[in-house]
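Observations on the model geometry
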Amino acid sequence: MRALVALNAQLLYWVLVAPFRGQMFHAREVLRQLVIVASHALPMVALTSFSVGFTLAMQSASELRKLGGEMFVPDLVSVSLLRELGPVLIAVIVIGRSGSAFTAELGTMKVSEEIEALEVMAINPVRFLVVPRVLALLMALPMLTALGNCMGIVGGWTVCRFMLGMNTDAFILHAVRAADAWDLYSGLIKSVTFAWIVGTVACKAGLGVEGGAAGVGRATTNSVVTGLLSMLVANAVLTAIFFFGE
Amino acid sequence: MSAPVIVVKDLVRRFGRRTVLNGISFTVGSGETLVIMGGSGCGKSTLLRHLIGVVRPTSGSIRIFGEDIASMPESELAGVRKRFGMLFQSGALLQSMTVGENVALPLVEHGKLDPGVIDLVVKMKLELVGLTGFEDFHPAEISGGMRKRVGLARALALDPELLFSDEPTSGLDPIMTAVVDELTSDLTRKLGMTAVVVTHDMTSAFRIATRMIMLGAGPRQGTIIAEGTPDEIRSHPSPEVQQFIKGEADGPVPLRLSRDDYIERLLGAPPAPHTRD
């Protein structure tokens, strides 16, 4: 826990203070990581979100049909995706794809003396390796979440349009009426928070690897488990703050 | 002796109950090449890791360029580290970067040079280690010996005043070993660079050293058992030192167990004779 707090403090220093002292982080490396984290994840995020929106619409339609409320399927799909499913689902994908990759990559660098070599060359590993990854994640996760929301709603629309016979105008009217801007913003705020948690937990696990290949494996598993649990706790806290206190 | 670059005094390092370095003291003057020798597991690499500041001693002091790095906060170590280069045993190249980018890394980070000049310096350093034209290869695409030579080129990128090398010639062919030895000798004798080299390769050690120290094993683990010029070490009276530099299997450092020792180690100590009350 102390190591995670120390890493967060260093991260804040290198992102917020150091650039004003002439010690800029590597913008090119941030972009390179952004391509790896975001653009390579696009197909998986799009497909998963579409599938969840699609199945969510089918499940809710079968229940709402009993009450004669099929027209409320778009409302349910849009609100649940924007508020909860979108940010959480995309964060789970990113933890599995990028969080584990960060830990494994940094862990392998640690056991092959690359991190030590950076330190001996007077290059701070947090500035050089952690800052670009966390910043890329901070940009990528909200973007992926927005895309996931769109694809999920398209999945819901597919069911409503082709299986329930609802016309597109009615779908949009219901979906937009049910959700307000705050639903979208709260989801995006959640995704930024998740990005910070996932990035720091994964990088801390990677930098702390001890004991060769087995150590890298253990750290990667720990990173995914800790990342998931921390993200779910943060989600519950944020949901309580955003929606439960009203 | 010329002005000291490194002064190590009463260095002790314990890992739990195991004492790996036990009161090590030595001095390295400017322009000297100190070779650290000793059997596997005697603490050579641990000593080197103390000198580069990645491991802190349990007690004692390490002064490099007059500054005590043993008690120095991490943030201030960077200033000292910019003045030395380190060649790791494995090369420790960043796998995600090309050979050229690896060598350029210290220059890009600390040199504040024009990209054209950096390109030129990278080519010059790779030429020094016989790797001209390998700039665009990735570390995974070249051999272990080549990776080590790239590591040396990177260590020399900023023209350091002090070079640390961990097994610089292991895995190199005899010709390349001679090239690396000659390069180290040229840098120290002609340009005044100071070098600290950890090696098992006795031919290489006697070729480059101006002074040598040997760390002990067994009951003398973690202490310096011999120190002197290459000639003094060659004629050192200690049978342990002679066994090591001649590479003999039999001697005071036993690698073969006696029959009794072997049986005891295999089956455990025999039980005490049973006594009846």
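First, a word on what this report is: a plain description of the structure on this page. Remember, it's a predicted structure, so these values are computed and weren't measured experimentally.

With that settled, the discussion passes to the overall build of chain A. Scanning chain A from N- to C-terminus turns up nine helices and zero strands. Ordering the α and β elements of chain A from the N terminus gives α-α-α-α-α-α-α-α-α. Each principal axis of the C-alpha atoms in chain A carries an extent, and together these give about 70 × 40 × 35 Å. Burial statistics for chain A: of 246 residues in total, 46% are counted as buried. For chain A, the share of sequence-separated contacts (at least 6 apart) that also reach a separation of at least 24 residues comes to 88%.

Time to look at the overall build of chain B. A tally of helices and strands in chain B yields 10 helices and 10 strands. Per-residue burial over chain B gives 38% buried out of 277 residues. Here the contacts in chain B between residues at least 6 apart in sequence split such that 64% fall between residues at least 24 apart.

Let us look at the interface of chain B and chain A. Interface size is often expressed as the accessible area that is lost when the parts come together. Counting from both sides, the interface comprises 14 residues of chain B and, opposite them, 10 residues of chain A. Only α2 (74-81) and α3 (99-111) of chain B provide two or more residues apiece to the side of chain B that touches chain A. Of the residues forming the side of chain B that touches chain A, the biggest block, four residues, is contributed by α3 of chain B. Along the lines of polarity and charge, the residues of the side of chain B that touches chain A split into nine nonpolar, two polar and three charged.

All names here are of chain B. Read across the sheet, six strands follow the order β6-β7-β8-β3-β9-β10 without closing on themselves; strand pairing throughout is mixed. Bordering the open sheet on either side are β6 (84-87) and β10 (224-228), each of which pairs with just one other strand. Neighbouring strand axes in the sheet, compared pairwise and without regard to direction, differ in orientation by 15° on average. Bridge count for strand β3 (residues 33-37) against strand β9 (residues 211-215) is four bridges, and the pairing is parallel. Within β9, the residue paired with Leu34 across the bridge is Arg211.

Residues and elements named next belong to chain B. In space, the four strands of this open sheet follow the order β2-β1-β4-β5, with antiparallel pairing throughout. The open sheet has two edge strands, β2 (18-29) and β5 (67-68), and neither has a second partner. As paired elements, strand β1 (residues 4-15) and strand β4 (residues 59-64) share five bridges and run antiparallel to each other. By the bridge assignment, Val12 is partnered in β4 with Ser59.

What follows covers helix α7 (residues 168-178) of chain A. Residues lying three or four places apart along an α-helix face the same way, a consequence of the helix completing one turn every 3.6 residues. Residues and elements named next belong to chain A. Within the span of α7, buried status applies to Phe171, His174 and Ala175. What you see down the axis of α7 is that its buried residues fit within an arc of 95°, all on one side. What points out from α7, more than 90 degrees from its buried face, is the exposed set Asp169, Val176 and Arg177. Where α7 is buried, its residues touch α4 (73-111) and α6 (125-162).

With that out of the way, let us pick up unusual backbone geometry. Note on backbone geometry: most residues besides glycine have negative phi, and most peptide bonds are trans. All names here are of chain A. With a phi close to 60°, Ala122 is a non-glycine residue in the positive phi region. Along the chain, Ala122 turns up in the loop between α5 (114-120) and α6. By the C-beta count within 10 Å, which is 18 here, Ala122 ends up partly exposed.

What follows deals with the environment of Met143 of chain A. Tracing the sequence through the fold places Met143 of chain A in helix α6. Along the primary structure Met143 of chain A and Cys203 of chain A are separated by 60 residues, whereas in three dimensions their C-alpha atoms are 21 Å apart.

All names here are of chain A. Of all hydrophobic cores here, the largest spans 134 residues; its most connected members are Leu141 and Val198. Here this core gets 16 residues from one element, more than from any other, and that element is α6. Residue contacts for Leu141: discarding those within four places in its chain leaves Ile90, Ala91, Val94, Ser191, Val192, Phe194 and Ala195.

With that out of the way, let us pick up the packing of α3 of chain B against helix α5 (residues 144-155) of chain B. Residue and element names in this part refer to chain B. α5 packs onto α3 with a crossing angle of 30° between their chain directions and a minimal axis gap of 8 Å. One element, α3, and the other, α5, form an angle in the roughly parallel class. Remark: the crossing between α3 and α5 carries right-handed chirality. Here Val99, Asn102, Val103, Leu105 and Pro106 of α3 lie close against α5, whose contacting residues are Val150, Ala153 and Arg154.

The rules we used
Residues numbered from 1 in each chain as written. Chains lettered and ligands numbered in written order. Predicted model: local features only at pLDDT ≥ 70, side-chain atom pairs only at ≥ 80, totals over all residues. Helix = DSSP H or I, 4+ residues; strand = E, 2+ residues; numbered from the N terminus. Buried ≥ 20, exposed ≤ 12 C-beta atoms within 10 Å, placed from the backbone. Contact = placed C-beta atoms within 7 Å. Nonpolar A, V, L, I, M, F, W, Y, C, P; charged D, E, K, R; others polar. Pairing = 2+ DSSP bridges. Axes fitted to C-alpha atoms, helices over the stretch in contact; angles between N-to-C directions. Arc of directions from axis to C-beta. Core = buried A, V, L, I, M, F, W, Y, C linked by C-beta atoms within 7 Å. Parallel < 35°, antiparallel > 145°, perpendicular 65-115°, else oblique. Left-handed = near helix turned anticlockwise from the far one by under 90°.

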